[in-house]
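# Understanding the architecture of this molecule
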Amino acid sequence: GEDVEQSLFLSVREGDSSVINCTYTDSSSTYLYWYKQEPGAGLQLLTYIFSNMDMKQDQRLTVLLNKKDKHLSLRIADTQTGDSAIYFCAESKGGATNKLIFGTGTLLAVQP
Amino acid sequence: DTGVSQNPRHKITKRGQNVTFRCDPISEHNRLYWYRQTLGQGPEFLTYFQNEAQLEKSRLLSDRFSAERPKGSFSTLEIQRTEQGDSAMYLCASSLGGPKNTEAFFGQGTRLTVV
């Protein structure tokens, strides 16, 4: 079945690193994504990783994928107050539809 | 073209009324998706179009819901006889499709409140 889980809340101090975790159940997932949602706004794609990779780095963002444990994480280095938002992980199988299955989201609160 | 556009941004309606939302995708994108997001939850897939063809519908899409994409460009989502449980944010996304085009761009959503 398809199920994506995340912890609900994370609080960090400005300048620290944030690590947001996600677990998924569908081993046939092809792509795994991280989206950011600010209040009243749509979803912004931050980064994605193909399932045959175990790490991807993009500026302050590092994605780690443990396919054996079906665990995905997003590390944000030097977290800023502007990073405060809800972060969603999502999975897809690619293919004809490539629909996304989202987690429940993690609210990241950055304290100044 | 500045991205995926959704209208209206907010809609308040009385229970039992019909509502229609519009989505204008990024112009060259042939794939279009509708999702629904309720408070405290992640978005849930509703339906998918490739060009004008509706290729997949979630079981969440009851018979009161209908979506169209008549010319393969903009799409509409209609809800008939709205219920309070339909209150949610309705999100539209589009993408280019193809094996190397995996990025879906989301609009800002239409927030529906049924009173």
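Everything below is about the structure shown above.
The sections below set out a description of the structure shown in this document. Remember, predicted model here, so these are calculated numbers, not experimental data.

## Side note on the environment of Q37 of chain B
As for its position among the elements, Q37 of chain B is in strand β4 (residues 31–37). For the pair Q37 of chain B and G3 of chain B, spaced 34 residues apart in sequence, the C-alpha separation works out to 20 Å. Other than its neighbours up to four places away in sequence, Q37 of chain B contacts Q37 and F88 of chain A together with G42, P43, A88, M89 and L91 of chain B. Looking at Q37 of chain B, its side chain comes within polar contact range of the side chain of Q37 of chain A, at 3.0 Å. Polar side-chain contacts of Q37 of chain B include one of 3.1 Å to the backbone oxygen of Q41 of chain B.

## Section: the side chain of T97 of chain A
The topology assignment puts T97 of chain A in the loop between β9 (85–92) and β10 (101–102). If sequence neighbours within four positions are ignored, T97 of chain A has contacts with R31, Y33, F45, Y48 and E56 of chain B.

## Notes on the state of the cysteines
Counted under the stated rule, the structure contains two disulfides over all chains. Disulfide partner of C22 of chain A: C89 of chain A, at an S-S distance of 1.9 Å. As the torsion about the S-S bond is roughly 60 degrees, the C22 of chain A-C89 of chain A disulfide counts as right-handed. Taken together, the residues C22 of chain A in strand β3 (residues 18–24) and C89 of chain A in strand β9 connect sequence positions 67 residues apart. For the pair C22 of chain A and C89 of chain A, one class covers both residues: buried. Between the sulfur atoms of C23 of chain B and its disulfide mate C92 of chain B the distance is 1.9 Å. Here the disulfide of C23 of chain B and C92 of chain B is left-handed, its torsion about the S-S bond being about -70 degrees. Taken together, the residues span a long stretch of sequence, with C23 of chain B in strand β3 (residues 19–24) and C92 of chain B in strand β9 (residues 88–95) at a distance of 69 residues.

Rules used in this analysis
- Residues numbered from 1 in each chain as written.
- Chains lettered and ligands numbered in written order.
- Predicted model: local features only at pLDDT ≥ 70, side-chain atom pairs only at ≥ 80, totals over all residues.
- Heavy atoms only, no water.
- Helix = DSSP H or I, 4+ residues; strand = E, 2+ residues; numbered from the N terminus.
- Contact = heavy atoms within 4.5 Å.
- Polar contact = N/O pair within 3.5 Å; in protein donor to acceptor, adjacent residues only side chain to side chain.
- Disulfide = S-S within 2.5 Å.
- Buried < 20%, exposed > 50% of the residue type's maximum accessible area, 1.4 Å probe, protein only.

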